[in-house]
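Spelled out, the chains give:
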Amino acid sequence: MSRIEIKDVTKNFKSVRAVNHVNITLEEGKIYGLLGRNGAGKSTLLNLINSRLAVDEGSITMDGEPLWENPKVNGKLYLVNEKNLFPEGRKVSEIFRWTKEFFPEFDMEYAMHLAELFQLDTRKKTKGLSTGYQSIFKNIVALSTHAPFVFLDEPVLGLDAYHRDLFYRLLLERYAGEPFTLVISTHLIEEVAGIVEEVIILKKGEVLKIADTEELLNMGYTVSGPASLVDSYTRDKDLAGADMLGGLKTAYVLGRPEQELPEGLEFTKMDLQKLFIRLTDEA
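Since the model is a prediction, treat every value here as computed from it, not as a measurement.

Caption draft 1: Spatial organisation of the sheet that holds strand E1 (residues 3–13). Taken in spatial order, the four strands of this open sheet run E2-E1-E4-E5, and their pairing is antiparallel. Of all strands in the sheet, those bounded by a partner on one side alone are strand E2 (16–27) and strand E5 (65–66). In terms of strand pairing, E1 meets strand E4 (residues 57–62) through five bridges, oriented antiparallel. Residue pairing in the sheet places Ile4 in a bridge with Met62 of E4.

Caption draft 2: Expanded view of the packing of aromatic side chains. A full pass over the atoms with the stated rule returns eight aromatic pairs. Pairing Tyr78 with Phe103 gives two aromatic rings, centres 5.3 Å apart and planes at 70°, and the pair type is edge-to-face. Residue Tyr78 is located in strand E6 (residues 77–80), and its partner Phe103 is located in the loop between helix H3 (92–102) and helix H4 (108–117); the two are separated by 25 residues in the primary sequence. Ring centres 6.0 Å apart and planes at 45° place the aromatic pair Phe96 and Phe106 in the tilted group. Within this pair, whereas Phe96 is found in helix H3, its partner Phe106 is found in the loop between H3 and H4, the two being separated by ten residues in sequence. Its relative accessible area of 2% is what places Phe106 among the buried residues. Linked through ring pairs, Phe96, Phe106 and Phe137 together constitute an aromatic cluster. The positively charged end of Arg174 is found above the aromatic ring belonging to Phe180, 4.5 Å away from the centroid. Its guanidinium or amino end placed over the ring of Tyr233, Lys237 lies 4.2 Å from that ring's centre, counting from NZ or CZ.

Caption draft 3: Summary view of the packing of H4 against helix H6 (residues 161–177). Running from amino to carboxyl end, H4 crosses H6 at an angle of 155°, the nearest separation of the two axes being 12 Å. It follows that H4 is roughly antiparallel to H6 by the angle criterion. Every pair of crossing elements has a handedness; the one defined by H4 and H6 is right-handed. Contacts from Tyr110, Leu114 and Leu117 in H4 reach Leu166, Leu170 and Arg174 in H6. Of the residues assigned to the contact of H4 with H6, the class counts are five nonpolar, no polar and one charged.

Caption draft 4: Representation of the pairing of strand E3 (residues 31–35). Counting buried residues in E3 gives five out of five residues, a clear majority hidden from the surface. Neither face of E3 is left uncovered, since the one carrying Ile31, Gly33 and Leu35 and the one carrying Tyr32 and Leu34 both have all their residues buried. For E3 and strand E9 (residues 198–203), the ladder comprises four bridges, and the chain directions are parallel. The residue of E9 that forms the bridge with Gly33 is Val199.

Caption draft 5: Fine view of the pattern of salt bridges. This model, assessed by the stated rule, comprises 14 salt bridges. We note a salt bridge from Lys30 to Glu198, for which the minimum N-O separation is 2.7 Å. On the criterion of sequence distance, the pair formed by Lys30 in the loop between E2 and E3 and Glu198 in strand E9 is long-range, its members being 168 residues apart. Here Glu198 falls in the buried class, since its relative accessible area comes to 14%. Residue Arg164 pairs with Glu191 through a salt bridge whose shortest N-O separation is 2.7 Å. One end of the pair, Arg164, is in helix H6; the other, Glu191, is in helix H7 (residues 189–192), and 27 residues separate them in sequence.

Caption draft 6: Summary view of the nonpolar core. Of all hydrophobic cores here, the largest spans 52 residues; its most connected members are Tyr78, Phe96, Phe137, Ile140, Leu152, Phe167 and Leu182. Excluding anything up to four places from it in sequence, Leu152 contacts Val80, Asn139, Ala142, Phe167, Leu171, Leu182, Val183, Ile184 and Ser185. Counting 25 residues, the second-largest nonpolar core is a separate cluster that includes Ala40, Leu45, Val73 and Phe149.

Caption draft 7: Quick look at a positive patch on the surface. Judged by side-chain charge, Lys91, Arg97, Lys125 and Lys127 come together as a positively charged surface patch. In this fold, Arg97 is placed in helix H3.

Caption draft 8: Here's a closer look at the environment of Lys125. As for its placement among the helices and strands, Lys125 is situated in the loop between H4 and helix H5 (131–144). For the pair Lys125 and Glu94, spaced 31 residues apart in the sequence, the C-alpha separation amounts to 9.0 Å. If we ignore the near neighbours within four places in the chain, the residues touching Lys125 are Glu88, Gly89, Arg90 and Lys91.

Caption draft 9: Structural detail: H6. Between its first and last C-alpha, H6 extends 25 Å over 17 residues, near the 24 Å set by a 1.5 Å rise per residue. Of all the positions in H6, only His163, Arg164, Leu166, Phe167, Tyr168, Leu170, Leu171, Arg174 and Tyr175 are classed as buried. Each element contacted by the buried residues of H6 is listed here: E3, H4, H5, strand E7 (149–153), strand E8 (181–185) and H7.

Caption draft 10: Quick look at the sheet that holds strand E14 (residues 266–269). If you walk across this open sheet you meet the four strands as E12-E13-E11-E14, and the pairing is antiparallel. Every other strand in the sheet has two partners, leaving strand E12 (238–245) and E14 as the edge strands with one partner each. Neighbouring strand axes in the sheet, compared pairwise and without regard to direction, differ in orientation by 25° on average. Two elements, E12 and strand E13 (residues 248–254), share seven bridges in a ladder whose sense is antiparallel. For Gly241, the partnering residue across the bridge sits in E13 and is Tyr252. The strands that helix H9 (residues 227–234) touches are strand E11 (220–226), E12, E13 and E14; relative to E11, the one it contacts most, it runs at about 140°.

Parameters and conventions
- Residues numbered from 1 in each chain as written.
- Predicted model: local features only at pLDDT ≥ 70, side-chain atom pairs only at ≥ 80, totals over all residues.
- Heavy atoms only, no water.
- Pairing = 2+ DSSP bridges.
- Helix = DSSP H or I, 4+ residues; strand = E, 2+ residues; numbered from the N terminus.
- Phe/Tyr/Trp six-rings, centres within 6.5 Å; stacked < 30°, edge-to-face > 60°.
- Buried < 20%, exposed > 50% of the residue type's maximum accessible area, 1.4 Å probe, protein only.
- Lys NZ or Arg CZ within 6 Å of the ring centre and 35° of its normal.
- Axes fitted to C-alpha atoms, helices over the stretch in contact; angles between N-to-C directions.
- Parallel < 35°, antiparallel > 145°, perpendicular 65-115°, else oblique.
- Left-handed = near helix turned anticlockwise from the far one by under 90°.
- Contact = heavy atoms within 4.5 Å.
- Nonpolar A, V, L, I, M, F, W, Y, C, P; charged D, E, K, R; others polar.
- Salt bridge = Lys/Arg side-chain N within 4 Å of Asp/Glu carboxyl O.
- Core = buried A, V, L, I, M, F, W, Y, C linked by side-chain atoms within 4.5 Å.
- Patch = residues over 30% accessible without salt bridge, like charges linked within 9 Å, V, L, I, M, F, W, Y side chains within 5 Å.
- Areas by Shrake-Rupley, 256 points an atom, 1.4 Å probe, with all protein chains shown as cover.
- Lys, Arg positive; Asp, Glu negative; His and termini not counted.
- Charge placed at Lys NZ, Arg CZ, Asp CG, Glu CD.
- Expected span 1.5 Å × (residues − 1).

Functional significance is not addressed by these values, which are geometric in nature.
This is the structure:
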C-alpha cells in the first residue's frame with residue numbers, strides 16, 4: 001500500500017507563512033476531508049503535494065520517493081483546483097484524448113459516460129463552459145484518470161444541488177468499485193460529512209486536528225427541544241453554537257451526554273460543521 005508522507009513542511013510567500021511545519025500521512029484507499037477557514041493554507045498544501053509549488057522546508061515523499069519534479073511518481077497524483085491548466089481553445093473531447101497521453105489509464109469510455117450523465121457537451125471548447133460546467137469537466141477528468149491519489153479543491157464550485165448530489169453519488173460509486181486515496185477540500189462541510197473517513201483541520205497554516213470522522217463527532221452531541229428546556233440544560237455546558245426555529249432550539253454541546261435524558265429533550269450526534277466552527281473560532 002502506497003502512502004504520501006508530508007514531513008515538517010513549511011511554505012512562505014514573502015512575509016506570509018502559508019504552511020507552517022505541517023506533518024500529515026495520507027494512506028492509500030482512504031477518503032480525507034481537508035477543512036479550514038479561508039487562508040488556512042489548504043490550497044497551498046495541495047499545490048505543494050502535487051509539485052505545483054516547491055516547499056521551503058521539509059519534505060513530501062511517496063513510499064520514500066521525493067515527489068518534487070519526479071515523473072516516476074507524479075503520474076500517480078491528480079489535482080483539481082480552481083485554475084484551469086488545460087488549453088482553453090481545445091474542445092472537451094480533445095482534452096480527454098490529450099489527458100490519456102499523460103495518464104495511460106485514463107478511461108475514455110467512462111469519461112464520455114459521465115459527460116452524458118452531467119449533460120456536458122464534449123464538442124464545446126473549455127473556455128466556453130460556465131463555472132459549474134468547468135467544475136464538472138475537471139471532476140470528470142480526475143475520476144477518469146484512475147490515479148491512485150486524487151485531490152479535489154472545492155470540486156462543486158458553481159454546481160447546483162442536483163449536480164452536487166450526482167457528483168457525490170458517482171464519486172462513491174467510483175471509490176467502491178476501485179478504492180483510491182481521495183482528499184476533498186471544501187467549505188460545504190455538511191455535504192461531505194457522510195463521505196470522509198478522516199478529517200484534517202488546518203488553522204493558520206498549521207494542523208489543528210487529524211482524526212477519524214466518527215471519533216471527531218464523538219467529541220460532542222446535539223440537544224433539541226423547547227428553547228427554555230434547552231437553555232436550562234445547557235446553562236453549565238460547553239457550547240459550540242445553537243439554532244432556533246420558532247420556539248424550538250437545537251444546541252451543539254461539547255462533551256458527553258448524561259445517561260439520563262431530561263424529559264422533553266432529544267439527543268443526537270454532533271454536526272461536523274458546527275464542531276469545525278467551534279474548533280477554528282478565533283475567539
